Amino acid sequence: MNIKINCAGNKSITVENLISYEWSRDSSAACDGLRLCFESETPLAEAVSLEMKKEGELLFFGYVDLQSRSDNREFIYARSSACLLVDNEAPQLTYNSPCVNSLFALNAAPLGFVNRLKNSYTAESYTVSRGTSCYGAINNFVRMFSNKSVLVNPQGELYIPDGKVAYTVNPESILSEKRSIKRGSAVSRIDYKTDGDYVHHRESRALTRLGIKRTRHLNAAPLSELQRSRYLSRRLEEAAKAYYSAEITVEGVETAELYSPVILDGYDGYYITSLVTAFSAGGETTKITLFKKLDLEEADYVA
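Owing to the predicted nature of the structure, the values given are computational and were not obtained by experimental measurement.

Peer 1: Just checking my understanding: could you explain helix α3 (residues 134-142) for this structure?
Peer 2: Counting buried positions along α3 gives eight out of nine residues, so the element sits mostly inside the fold. Taken residue by residue, α3 has Cys134, Tyr135, Gly136, Ala137, Ile138, Asn139, Phe141 and Val142 as its buried positions. Summarising the contacts, the buried residues of α3 are in contact with α1 (83-87), α2 (100-107), β10 (125-128) and β12 (157-159).

So, in structure tokens, the structure goes:
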């Protein structure tokens, strides 16, 4: 890996004597993270941003949140450039007939990002509540049309991965493998109200058949019809996301795309939800977390 740190005063250094690093990506987090530790005889100036490349390919660009020094060792933690969207609050607005492009223009373009999102739109209203981040304003809208979250690549482009390119796991590179069934977080039914009592219900018939009997109550009155339907689905999906999961640790650095389906015997229907690449004295490894997609068989009824 080639890691370059940009410091205050237009100074930059290339990291040498690298001790360790950890690069993490997760479909449930807007920002990638990078932790690194290296030896340096000279104290590092105030670090502002850094980039990491492998064989000329830019894998990470982000801004430094924390740096410290102890016994000639420098430690740095940085988040990817998506932190600008996460750390800035979106204007509190109700949009009439909004589209992705209009939300991007107001919340992301002024921060220097590039739009690679499909321009979905709705004839309904869309409300951005107080305290919502610029990322949340865009992502919450996009997720009404997609079951995936918005990602931001190292070039500062907002996009939704298409999941068409599968990731093939080399069985010979596998260092460890673990599968899990997590019933404890799955929710079989959401009872919600649009006004009055909680007489509206969104149920997962698939989870009910599996013996899950867990409900949640939700006040959906502030949401438009489109927002409400997608939000209910997302709550069920997220609660059941880890129902069938797996962790596979492989040798080396893997740069697979999040949401990619996996090709490996016994893993039909699984897709990548996070990757953590780490380097230490033992070499480089990547832990890949997989979830299996479930057809929740959602149904609405009033009772």
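Peer 1: Is there a simple way to explain the sheet that holds β12 in this structure?
Peer 2: Working definition: the strands of a sheet are paired by backbone hydrogen bonds and lie parallel or antiparallel to each other. Taken together, the three strands give an open sheet; going across it, the order is β9-β12-β11, and neighbouring strands pair in mixed fashion. Strands at the two margins of the open sheet, each flanked by one partner only, are β9 (114-115) and β11 (151-152). Here β9 pairs with β12 via two bridges, running parallel. Within β12, the residue paired with Val114 across the bridge is Glu157.

Peer 1: Mind showing me how you'd approach the layout of surface pockets here?
Peer 2: Sizing a probe to match a water molecule and rolling it over the atoms shows the empty space that remains. Of the pockets and cavities examined, the largest pocket occupies roughly 550 Å³. As for the largest pocket, its lining consists of 23 residues, and the residues nearest its centre are Arg143, Asn147, Glu237, Lys241 and Tyr271. Breaking the lining of the largest pocket down by element, the ones donating at least two residues are α3 and α5 (225-240). At three residues, α5 tops the list of elements feeding residues into the lining of the largest pocket. Across the lining of the largest pocket, the residue classes break down as eight nonpolar, five polar and 10 charged.

Peer 1: So what exactly am I meant to see when it comes to the sheet that holds strand β20 (residues 270-280) here?
Peer 2: Sheet architecture is open: 11 strands sit in the order β2-β1-β5-β6-β7-β4-β3-β20-β21-β18-β14, paired in antiparallel fashion. This sheet does not close on itself; its edge strands, each paired only once, are β2 (11-14) and β14 (174-181). Averaged over all adjacent pairs, the angle separating strand axes in this sheet is 20°, with direction ignored. Summarising the sheet, β14 and strand β18 (residues 244-251) pair through seven bridges and their orientation is antiparallel. From the neighbouring strand, Ser180 faces β18, where its bridge partner is Ser245.

Rules of the game
- Residues numbered from 1 in each chain as written.
- Predicted model: local features only at pLDDT ≥ 70, side-chain atom pairs only at ≥ 80, totals over all residues.
- Heavy atoms only, no water.
- Buried < 20%, exposed > 50% of the residue type's maximum accessible area, 1.4 Å probe, protein only.
- Helix = DSSP H or I, 4+ residues; strand = E, 2+ residues; numbered from the N terminus.
- Contact = heavy atoms within 4.5 Å.
- Pairing = 2+ DSSP bridges.
- 1 Å grid on protein atoms, 1.4 Å probe; cavity = no way out; pocket = protein on both sides within 12 Å on 5 of 7 lines; lining within 4 Å.
- Points joined across faces, edges and corners; volume = space filled by probe spheres on them.
- Nonpolar A, V, L, I, M, F, W, Y, C, P; charged D, E, K, R; others polar.
- Axes fitted to C-alpha atoms, helices over the stretch in contact; angles between N-to-C directions.

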